Amino acid sequence: MRKVIGIGETVLDIIFKGGQPVSAVPGGSVYNGIISLGRAGVPASFISEVGNDRIGARTIDFLRENGVDATFVGTYRDSKSPISLAFLNDRNDAEYIFYKDHPHDRLDYVTPDINRDDIVMIGSYYAVNPVIRPQVAAILNAARDRGAIIYYDVNFRASHADEVMKLTPNILENFEYADIVRGSREDFKVMYNMDTPDKVYNSEISFYCKKFIYTDGAGSVELRGDNALKKSYPVAAAQTVSTIGAGDNFNAGLVYGMMRYGVTRSMMDGAIAEKTWDDIIGCALAFSANCCKSIGNSIDTGFGDMMKEQLNTTKQQTNQTLQ
């Protein structure tokens, strides 16, 4: 059975509105998406690390409660779990303060069972962190050798702008590993001082990876792909409660769509049909929109149950067609 494997940081997000804390939930860039995939019925596991404290224990429990395998989340006795303070403004966008000591990161190299057509999700600083790069690269090598699909969300925050030059070799290596690269206008403005999808794709991405998705908040989603495929997808206007996790859940929805519509390693090696792109990006937009409707980092359980039902229905229809 196909599965999704996420690799990323964990953090406790404490969310403030009007200067007062309104929520505290386990999070992290890839973590948020993996929780959503678990709620949507996609077999998923997560590789990470937590501190030896109540936050770490809650982070692991939350994975399991949402149907995600937490076997590969390590707990370190002499470390504390990181914390993020997220301050929502009048538009419900968040400004962050992070409390984490990256030089103390460490990741036990334990490769899970990775098979052909599995999807491996990486992103954020964790995907380029020099301290754990050997372990992350080893997992990505195993994934590539075994025929898994690698999805890379750049998610490069302005707080690391002074490290761009130092991290560039790891970023480029991730581009080369990746079958799909996704990044935001903000990411590429910080990294390359570029803010148009064509400039970014042609100058920085296409040499390494042909399938590229560029997002711009409430602006359109831009797809660049094989055979000069170029397409824009509008983002429907909607009232938001919080934009925390919007991009993370776009990733989750896209990966969900790849699983639901049967995007395989063989398809990735060729050109994905435009109709298939329409379907999976539609899922990505739906996941992102749902996440923004609540104070939380992932899709809600009701929406997850609906996605799970649709996933199962599509599988049944596919099986009947094959028979």
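Residues numbered from 1 in each chain as written. Predicted model: local features only at pLDDT ≥ 70, side-chain atom pairs only at ≥ 80, totals over all residues. Heavy atoms only, no water.

Asker: Quick one: what's the story with the overall build of the protein, residue by residue and with numbers?
Answerer: Along the protein, the regular secondary structure elements total ten helices and 13 strands. Relative to the 2.2 N^0.38 estimate, which gives 20 Å for 323 residues, the radius of gyration of the protein is 18 Å and therefore close to what a compact globule would have. The dimensions of the protein, computed from C-alpha atoms along their principal axes, are 50 × 40 × 40 Å. Here the protein, with 323 residues, has 54% of them falling under the buried criterion. Considering only residue pairs separated by 6 or more positions, the protein has 73% of its internal contacts joining residues 24 or more positions apart. When the accessible surface of the protein is summed, it comes to about 14200 Å², and 50% of that surface belongs to carbon and sulfur atoms. Where the 33 positive side-chain charges of the protein centre and where its 40 negative ones centre are 2 Å apart. (Helix = DSSP H or I, 4+ residues; strand = E, 2+ residues; numbered from the N terminus. Rg over C-alpha atoms; globule rule 2.2 N^0.38 Å. Buried < 20%, exposed > 50% of the residue type's maximum accessible area, 1.4 Å probe, protein only. Contact = heavy atoms within 4.5 Å. Areas by Shrake-Rupley, 256 points an atom, 1.4 Å probe, with all protein chains shown as cover. Lys, Arg positive; Asp, Glu negative; His and termini not counted. Charge placed at Lys NZ, Arg CZ, Asp CG, Glu CD.)

Asker: Could you give an account of unusual backbone geometry, with specific residues and numbers?
Answerer: Positive phi is not limited to glycine here, since asparagine 92 has a value of about 65°. For asparagine 92, the position within the fold is in the loop between β6 (83–88) and β7 (94–99). Here asparagine 92 falls in the buried class, since its relative accessible area comes to 12%. Phi is positive for aspartate 117, close to 80°, though the residue is something other than glycine. Relative to the helices and strands, aspartate 117 is located in the loop between β7 and β8 (119–123).

Asker: Give me the lowdown on the pattern of salt bridges, citing residues and values where you can.
Answerer: Throughout the structure, instances matching the rule amount to 17 salt bridges. Of the charged contacts in the structure, one is a salt bridge between arginine 182 and aspartate 153, with a shortest N-O distance of 3.4 Å. You can see arginine 182 sitting in strand β10 (residues 180–184) and its partner aspartate 153 sitting in strand β9 (residues 149–153), a full 29 residues away along the chain. Arginine 182 sits in the buried class, given a relative accessible area of 5%. For aspartate 153, a relative accessible area of 2% puts it in the buried group. Among the salt bridges present, the one from lysine 189 reaches aspartate 195, with a minimum N-O distance of 3.9 Å. Residue aspartate 195 is classed as partly exposed on the basis of its relative accessible area of 29%. The network of salt bridges with shared partners includes Asp198, Glu222, Arg224 and Lys230. (Salt bridge = Lys/Arg side-chain N within 4 Å of Asp/Glu carboxyl O.)

Asker: Let's hear about the sheet that holds strand β2 (residues 11–17): which residues, and what values?
Answerer: Reading across from one edge, β3-β2-β6-β7 is the order of the four strands in this open sheet, with mixed pairing throughout. In this open sheet, the two strands that pair with only one neighbour each are β3 (20–27) and β7. Ignoring which end each strand starts from, the neighbouring axes of this sheet average 20° apart. Pairing of β6 with β7, which is carried by six bridges, proceeds in the antiparallel orientation. For leucine 85, the partnering residue across the bridge sits in β7 and is isoleucine 97. Packed on one face of the sheet, helix α2 (residues 54–65) meets β2, β3 and β6 and runs near 65° to β3. (Pairing = 2+ DSSP bridges. Axes fitted to C-alpha atoms, helices over the stretch in contact; angles between N-to-C directions.)

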